Each structure stands twice: as C-alpha cells, then as structure tokens.
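Structural description and commentary
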Amino acid sequence: MTSRVEHTDVGAYALGLLDEDDRLAFETHLLGCRSCAAELSDLAGVAQALHGLGPVTDDPPEEEPAEVIDLLHRKQAADRRSRRGTFLIGLAAGIALVAGGLVLGAQIGAQNAPPAAHTQLGPAEQFYAMGTPVPGTGRDGVTGGLVLESKGWGTHAALKLSGVKGPLECELVAIGKNGDRRVMMGWSVPPDGYGTEANPQPLYMHGAAALPAEQIDRFEVITATGRSLLTVDV
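These numbers were taken from a predicted model, which means no experiment stands behind them.

Further remarks concern the sheet that holds strand 2 (residues 137–138). Remark on secondary structure: sheet strands pair via backbone hydrogen bonds, oriented parallel or antiparallel. Pairing is antiparallel across the open sheet formed by 5 strands, whose spatial order is 2-9-8-5-6. At either end of the open sheet lies a strand with only one pairing partner, and these are strand 2 and strand 6 (181–189). As defined by bridge partners, strand 8 (residues 216–223) adjoins strand 9 (residues 228–233) across 5 bridges and the pair is classed as antiparallel. Counted as the bridge partner of isoleucine 222 is serine 228 from strand 9.

Here is the structure:
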C-alpha cells in the first residue's frame, strides 16, 4: 500500500493502520481534502471504540457494519505485525547489546592488557642497522661498534654498546691523527647497565664531531674517571 492516497484510507488512518510512507502521504492529502477531514472527524469516536473491542470472530454479529468489521480485521493484522516487529526489534537490540558487550569487553581487555613489546627502532638504532658497523675492542666484558658517516661539517657516528655495568658516566670521544680530542656524545649508565643480565637491551646512541672522517685516528668510550671501555680504530 506504499504511497497510495485514497479517500478510503480515512478509516485506516484513524486506526493508525497506515505504513509510515502512506501515513505521511495521507496527511498531505488531508490538508486539501475537506471531505476526508470531515469523515476523519466522524470516525474519531469509532476508532476510540474499536480499541476496546476483543478479537474478531469469523462470524461477527450481524449488527456490526461490514466496514467496521473490515477495519477490525485490519487492526488485528496491524497489531500482529506490530507485535512481530517489536519482537524482531527486541531480538536485534539483544544481539546488538551482546555484540557491543563483546566488543566493549575486548576493548577493555586490550586496555587492561600489559603493553606490547616496543619494536619501533630509535634513530640511532635505525642508523646503526642500515650501516656497516666498525667493531671495537672492549675491556671488562664491554663490546660494541660504530657506524660512521662523513658529512660536509664533520663526522656523524652511531654507537652500539653492550656489557657495560653502572652506575657510570661515559663519553664517546673522537681522537684526531694530530691528537685533537672531540667529545661526540655523553650519557649515564644506570645500575642495571646495558646488554647485561639485568638489562639485555644494548645501548644505541648517535652524535657528531667537527673533525672530518679522514682526520680521525680512533674513537674511544671512556668513563668520567678516564677509564677506557671501548676503542674503535678507523
């Protein structure tokens, strides 16, 4: 009955039997149809009475007009559709709530789960991984190496250091062939150290010196007290 606008829809409209599209169409029709407006006014009392009637039997009382019986049948069919629709809506809502609960539970679980291991490489580690490391000679169980990059302004270096225990303060020093010494970077070593049993992760750092690469004799990792931990000859 979609989009059908007829004068006979007055009774169905009075009982609320029209689908949404038909109801809107009939209301538009009603604005310009005096006869339908008048008939709707007359049916207001009938519609009110029909809401209080029980089920319609196959053999309705003879005193009830056929038009009323037809409206009653249509009302019962609409009621059945309404109940079925309500059930389906409730079922859909229940499914949505369950699905939403599962999604929400998964989100809460993900929020409460321990953080995943950090796998993103830092700038120094990326630079070191992309280059060709020059291994160094370590002392007291220290190992490591450098990846070097010659620049117009000097030398860029990425350091990997393992087996160093703290607490310490260290520096990477570039030593020129003329004996000139330039500090490229400095850092602190925590008590657990780097690349140790307590902290298996090695240390990656990068720094720079104004010395051109061809003028550098070697690099040294030294402590604040002057003790050499790693020497890298170039």
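Reading fine detail from the predicted coordinates is not recommended where pLDDT is low. Scored by pLDDT, the chain has a mean of 76; 61% of the residues are at 70 or more. Note that pLDDT drops below 50 for residues 1–5; the model gives that stretch 12 contacts with residues more than four away or on any other chain. Throughout residues 91–99 the model reports pLDDT below 50, and contacts reaching past four residues in sequence, or to other chains, amount to 0 contacts.

The 4 strands are arranged 1-3-4-7 in an open sheet whose pairing can be described as antiparallel. The strands lining the two open edges of the sheet, one partner per strand, are strand 1 (134–135) and strand 7 (203–209). For strand 3 (residues 143–151) and strand 4 (residues 154–162), the ladder comprises 9 bridges, and the chain directions are antiparallel. Bridging from a neighbouring strand, glutamate 149 pairs with histidine 156 of strand 4.

A few words now on the pattern of salt bridges. Going through the model one piece at a time under the given rule, you end up with 5 salt bridges. Where aspartate 180 meets arginine 182, a salt bridge forms, and the shortest distance between an N and an O atom there is 2.9 Å. Taking the relative accessible area as the measure of exposure, arginine 182 reaches 32% and is therefore partly exposed. Two residues, glutamate 220 and arginine 218, come together in a salt bridge whose shortest N-O distance is 3.2 Å. Linked through salt bridges whose partners overlap, the residues forming this network are Asp217, Arg218 and Glu220.

This next bit is on the pairing of strand 5 (residues 168–176). Sheet topology note: the strand 5/strand 6 ladder contains 8 bridges and is antiparallel. Of the residues in strand 6, the one forming a bridge with glutamate 171 is glycine 186. In sequence, strand 5 turns back onto strand 6 through a hairpin of 4 residues, with glycine 179 there showing a positive phi of about 90°. In terms of strand pairing, strand 5 meets strand 8 through 7 bridges, oriented antiparallel. From the neighbouring strand, leucine 172 faces strand 8, where its bridge partner is valine 221.

By convention here, two paired aromatic rings are described through the distance between centres and the angle between planes. Per the counting criterion, the structure on display carries 1 aromatic pair. The interplanar angle of 70° and the centroid separation of 5.7 Å between the aromatic rings of tyrosine 128 and tyrosine 204 together place this pair among those described as edge-to-face. Of the two residues, tyrosine 128 is situated in helix 5 (residues 123–130) and tyrosine 204 in strand 7; the sequence distance between them amounts to 76 residues. Its relative accessible area of 24% is what places tyrosine 204 among the partly exposed residues.

Time to look at the nonpolar core. By size, the foremost hydrophobic cluster in this structure holds 24 residues, and its most contacted members are Leu159, Leu161, Leu172, Trp187, Phe219 and Val221. At the level of secondary structure, the elements contributing two or more residues to this core comprise strand 4, strand 5, strand 6, strand 7, strand 8 and strand 9. Of all the elements, strand 6 adds the most residues to this core, at 4 residues. Beyond its immediate stretch of four places on either side in the chain, phenylalanine 219 contacts Leu146, Leu148, Thr155, Leu172, Val173, Ala174, Met184, Leu230, Thr231, Val232 and Val234. One finds Ala12, Leu17, Phe26 and Leu30 within the second-largest nonpolar core, a separate group that totals 7 residues.

What counts, and at which threshold
Residues numbered from 1 in each chain as written. Predicted model: local features only at pLDDT ≥ 70, side-chain atom pairs only at ≥ 80, totals over all residues. Heavy atoms only, no water. Pairing = 2+ DSSP bridges. Helix = DSSP H or I, 4+ residues; strand = E, 2+ residues; numbered from the N terminus. pLDDT = per-residue confidence, 0-100. Contact = heavy atoms within 4.5 Å. Salt bridge = Lys/Arg side-chain N within 4 Å of Asp/Glu carboxyl O. Buried < 20%, exposed > 50% of the residue type's maximum accessible area, 1.4 Å probe, protein only. Phe/Tyr/Trp six-rings, centres within 6.5 Å; stacked < 30°, edge-to-face > 60°. Core = buried A, V, L, I, M, F, W, Y, C linked by side-chain atoms within 4.5 Å.

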